[in-house]
Amino acid sequence: MAFALRFYNIGFPHKVLFDETYYAKDAWAILQSGYERNWTDEANDLLLKGDLSGMEDTAAFVVHPPLGKLLIGAGEAMFGMNPFGWRFMALIFGTLLVFFTIRLARRLSRSTLVGAVAGLLLTFDGLAFVMSRIALLDIFQATLAVAAVAALVADRDWFRHRLANHLRRHDLVDLGGRFGPLLLFRPWRLTAGILFGLSCAVKWNTIYLLAVFGIVAVIWDLGARQLAGARYRKWLSLVIDAPAAFVQLVVVAVPAYLVTWWGWLSTTGGYTRDWGEHNPDHPLVKFFGKALASLMWYHKQAYEFHTSEKMMTETDHPYESHPASWILMLRPIGIEAENDIQPGTQGCEAVGDTCMRIISGMGTPFLWWAAALALLLGLYWWIIKRDWRFAVPVLALAAVWLPWFQYADRPIFFFYAIMMIPFSTVALAMAIGKIIGPADHPQRMLRSVVAGFIVALVIANFVYLYPILTADLISRSSWWARMWLGNTWV
């Protein structure tokens, strides 16, 4: 259902939308040469006519790793250098984001219903919908990040099942103070490490999520051994399980990240690709070799760009939004706007008004506001009621949201919050599960009606916003009617 909803009319508008001007062209350049290249100023107009002559021979300086562009390029390779082609893989990963969110919620809650509710809510989120229909990087990062967290939660179950099987196999009530089996090979944790590395290969800030859940994984191992009866020997987990977790999550993530740079490493024309050749006596070159040293130098330049004084203080953008506003969606971003379409033009039938075509990068308000409340309740259920399950969405959201506050002086935008909404949706779905209650609850029917009303309200809210998520023709007054927070949403 999520795929069908996002697939419909995905090639419209037939334009280069927003930051597609960077990533669609970078993707095509990587397909052709293995690295990003510069384009002429009129390249966008030429592209829409099927003319690819706007790509220049010079290497471009870009500040994000290549994986997201490689994925966009896969769509271009299949369907051509056109809006449908460069948006297709965003559609695929936007659909997979719903799938992995379902799996995460299902495993945490042990409820197929709660998993289904999480998927349904995310299917009808406006931001997830828009980001699944535009060639930006963030949908790829979010999908891989959610999959990584889901794999770690699967590893938690895997480890506990193996400890339980050990006890059954040896006819033991518990470990009796012994450490228990080593279980150093953890396939789900290896999978998580690869996925974390790939998510970082789209955008670097996934590293915060990796850091938080690396610590969480160690705590889960300690808890599992304590539950199995390791007693004081559970602390050996810090010198046995923890180093293994570091290797399988962090060390494994590094080659997963590096392999996405293969096109740049295996060619000679990329930006600063020849730095190692020109600096043979530099310590980096002597230790890592010319190719890897050049790549490390490139990373240094990209990091300095992101944290430069100019980026922090001199750059301004009308749609920048402080991360404090994201949780309540106070400042969405405009993706596309065609204003002042006159009556009789493009089918506009407005009377005493004009029409518009708008794509607003905004979430479904009722979903975001309800999810914010669910996260607060999740803190209560986790810390006060000791329900570990709510720690996952709460900590994950904190890891992908709070680090942005240190960069609040630079232009940052609401669409970065695509990393937040899958986890807040999981929190809301589990809160809805709490509302419904156990099967034998005397008020289960009434509680189920309340839960159903919440989901229906989110879907209805999405349907109401649909025209301004898809550039449908709409009168200016109808657009204003959807701007509930006035100018802060415009």
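The structure under discussion appears in the preceding block.
Residues numbered from 1 in each chain as written. Predicted model: local features only at pLDDT ≥ 70, side-chain atom pairs only at ≥ 80, totals over all residues. Heavy atoms only, no water.

S.K.: I'm lost on the overall build of the protein chain in this one. Help?
M.R.: Looking only at helices and strands, the protein chain has 21 helices and 5 strands in total. Taken against the 2.2 N^0.38 rule, which gives 23 Å for 490 residues, the C-alpha radius of gyration of the protein chain at 24 Å falls within 12% of a compact globule. Looking at the protein chain residue by residue over its 490 residues, the buried ones come to 54%. Of all intrachain contacts in the protein chain linking residues separated by at least 6 positions in sequence, the fraction that spans at least 24 positions is 74%. (Helix = DSSP H or I, 4+ residues; strand = E, 2+ residues; numbered from the N terminus. Rg over C-alpha atoms; globule rule 2.2 N^0.38 Å. Buried < 20%, exposed > 50% of the residue type's maximum accessible area, 1.4 Å probe, protein only. Contact = heavy atoms within 4.5 Å.)

S.K.: Looking at this model, I keep getting lost on empty space enclosed by the protein. Mind explaining?
M.R.: Over the atoms rolls a probe the size of a water molecule, and in doing so it shows where empty space is left. Under the defined criterion, the tally for this structure stands at 4 cavities of 30 Å³ or more. As a volume, the largest cavity reaches approximately 80 Å³. In terms of lining residues, the largest cavity is bounded by Ile10, Phe12, Pro13, Leu17, Arg87, Val130, Arg133, Ile134, Ile335, Ile359, Leu469 and Thr470. Its residues assigned to classes, the lining of the largest cavity shows 9 nonpolar, 1 polar and 2 charged. The calculated volume of the second largest cavity comes to roughly 40 Å³. (1 Å grid on protein atoms, 1.4 Å probe; cavity = no way out; pocket = protein on both sides within 12 Å on 5 of 7 lines; lining within 4 Å. Points joined across faces, edges and corners; volume = space filled by probe spheres on them. Nonpolar A, V, L, I, M, F, W, Y, C, P; charged D, E, K, R; others polar.)

S.K.: Help me understand the sheet that holds strand S4 (residues 355-361), please; the structure alone is not making it clear to me.
M.R.: Strand pairing in a sheet takes place through backbone hydrogen bonds and is either antiparallel or parallel in direction. Pairing is antiparallel across the open sheet formed by 3 strands, whose spatial order is S3-S4-S5. Each end of this open sheet is capped by a strand with a single partner; those strands are strand S3 (333-341) and strand S5 (473-475). Ignoring strand direction, the axes of neighbouring strands in this sheet form an average angle of 35°. In terms of strand pairing, S4 meets S5 through 3 bridges, oriented antiparallel. Bridged to Cys355 within S5 is Ser475. (Pairing = 2+ DSSP bridges. Axes fitted to C-alpha atoms, helices over the stretch in contact; angles between N-to-C directions.)

S.K.: Would you explain the packing of aromatic side chains in this entry?
M.R.: The geometry of two aromatic rings is summed up by the distance between their centres and the angle between their planes. Scanning all chains against the criterion turns up 39 aromatic pairs. For the pair Phe366 and Trp369, a centre-to-centre distance of 6.3 Å together with 65° between the ring planes defines the contact as edge-to-face. Separated by 3 residues within a single helix, Phe366 and Trp369 lie in helix H17 (residues 365-384), roughly one turn from each other. With relative accessibility at 30%, the residue Trp369 sits in the partly exposed group. An aromatic cluster is present here, built from Phe18, Trp326, Trp404, Phe413, Phe415 and Tyr416 joined pairwise through their rings. When the ring centre of Trp297 is taken as origin, the NZ or CZ atom of Lys300, which lies over that ring, is 4.8 Å away. (Phe/Tyr/Trp six-rings, centres within 6.5 Å; stacked < 30°, edge-to-face > 60°. Lys NZ or Arg CZ within 6 Å of the ring centre and 35° of its normal.)

S.K.: Sorry, what's going on with a nonpolar patch on the surface here?
M.R.: Taken together, the side chains of Leu373, Leu376, Leu377, Leu379, Tyr380, Ile383 and Ile384 make up a nonpolar region of the molecular surface, amounting to roughly 660 Å² of accessible area. The topology assignment puts Leu373 in helix H17. (Patch = residues over 30% accessible without salt bridge, like charges linked within 9 Å, V, L, I, M, F, W, Y side chains within 5 Å. Areas by Shrake-Rupley, 256 points an atom, 1.4 Å probe, with all protein chains shown as cover. Salt bridge = Lys/Arg side-chain N within 4 Å of Asp/Glu carboxyl O.)

S.K.: Please clarify how the pattern of salt bridges should be interpreted in this entry.
M.R.: Working definition: two side chains of opposite charge can pair if their charged atoms are close together. Throughout the structure, instances matching the rule amount to 16 salt bridges. The residue Lys15 makes a salt bridge to Glu338 at a minimum N-O spacing of 4.0 Å. Taken together, the residues Lys15 in the loop between helix H1 (2-7) and helix H2 (20-33) and Glu338 in strand S3 connect sequence positions 323 residues apart. Under the relative-accessibility criterion, Glu338 is labelled partly exposed at 25%. Within the structure, one salt-bridge network assembled from shared partners comprises Asp155, Arg186, Arg189 and Asp221.

S.K.: Any chance you could explain the side chain of Gln248 here in plain terms?
M.R.: Along the polypeptide, Gln248 turns up in helix H11 (residues 241-259). Owing to a relative accessible area of 7%, Gln248 belongs among the buried residues under this scheme. At 3.0 Å, the side chain of Gln248 forms a polar contact with the side chain of Arg189. Dropping the residues within four chain positions of it, Gln248 is found in contact with Leu184, Phe185, Arg186, Arg189, Leu190 and Gly193. (Polar contact = N/O pair within 3.5 Å; in protein donor to acceptor, adjacent residues only side chain to side chain.)

S.K.: How do you make sense of unusual backbone geometry when you look at a structure like this?
M.R.: Among all residues save glycine, negative phi is the norm, and among peptide bonds the norm is trans. Following Phe12, the chain continues into Pro13 via a peptide bond in cis, with omega recorded as -5°. Tracing the backbone through its elements, the reader meets Pro13 in the loop between H1 and H2. The phi dihedral of Arg110 is positive, around 60°, even though this residue is not glycine. As for its placement among the helices and strands, Arg110 is situated in the loop between helix H5 (83-109) and helix H6 (112-123). Judged by relative accessible area, Arg110 falls into the partly exposed class, the value being 47%. A positive phi angle is found at Thr272, which is not glycine, with a value near 60°. By the element assignment, Thr272 lies in the loop between helix H12 (262-265) and helix H13 (275-278). Given the relative accessible area of 15%, Thr272 is considered buried.

S.K.: I keep staring at helix H20 (residues 444-465) and nothing clicks. Help me out?
M.R.: In an α-helix, one turn spans 3.6 residues, which is why side chains three or four residues apart end up on the same side. A rise of 1.5 Å per residue sets the reference length of H20, with its 22 residues, at 32 Å; its end C-alpha atoms lie 32 Å apart and thus fit the reference within 8%. Listed as buried for H20 are Ala451, Val455, Val458, Asn461, Phe462 and Leu465. Buried residues along H20 cover an arc of 120° about the axis, so they all sit on one side. Projecting away from the buried face of H20 at angles above 90 degrees are the exposed residues Met445, Leu446, Val449, Phe453 and Val463. On its buried face, H20 sits against H1, H6, helix H7 (126-131), H17, helix H19 (421-436) and helix H21 (476-482). (Expected span 1.5 Å × (residues − 1). Arc of directions from axis to C-beta.)

S.K.: Help me understand the environment of Leu190, please; the structure alone is not making it clear to me.
M.R.: Residue placement: Leu190 occurs in helix H9 (residues 187-200). Between the C-alpha atom of Leu190 and that of Met419, which follows or precedes it by 229 residues, the distance is 22 Å. Look past the residues within four positions of Leu190 in its chain and what remains in contact with it is Phe185, Gln248 and Val252.

S.K.: Looking at this structure, how should I read the side chain of Arg225?
M.R.: On the secondary structure map, Arg225 appears in helix H10 (residues 206-227). Excluding its chain neighbours within four sequence positions, the residues that come into contact with Arg225 are Phe159, Leu163, Leu175, Phe179, Gly180, Pro181, Leu182, Ala230, Lys234, Ser237 and Asp241.

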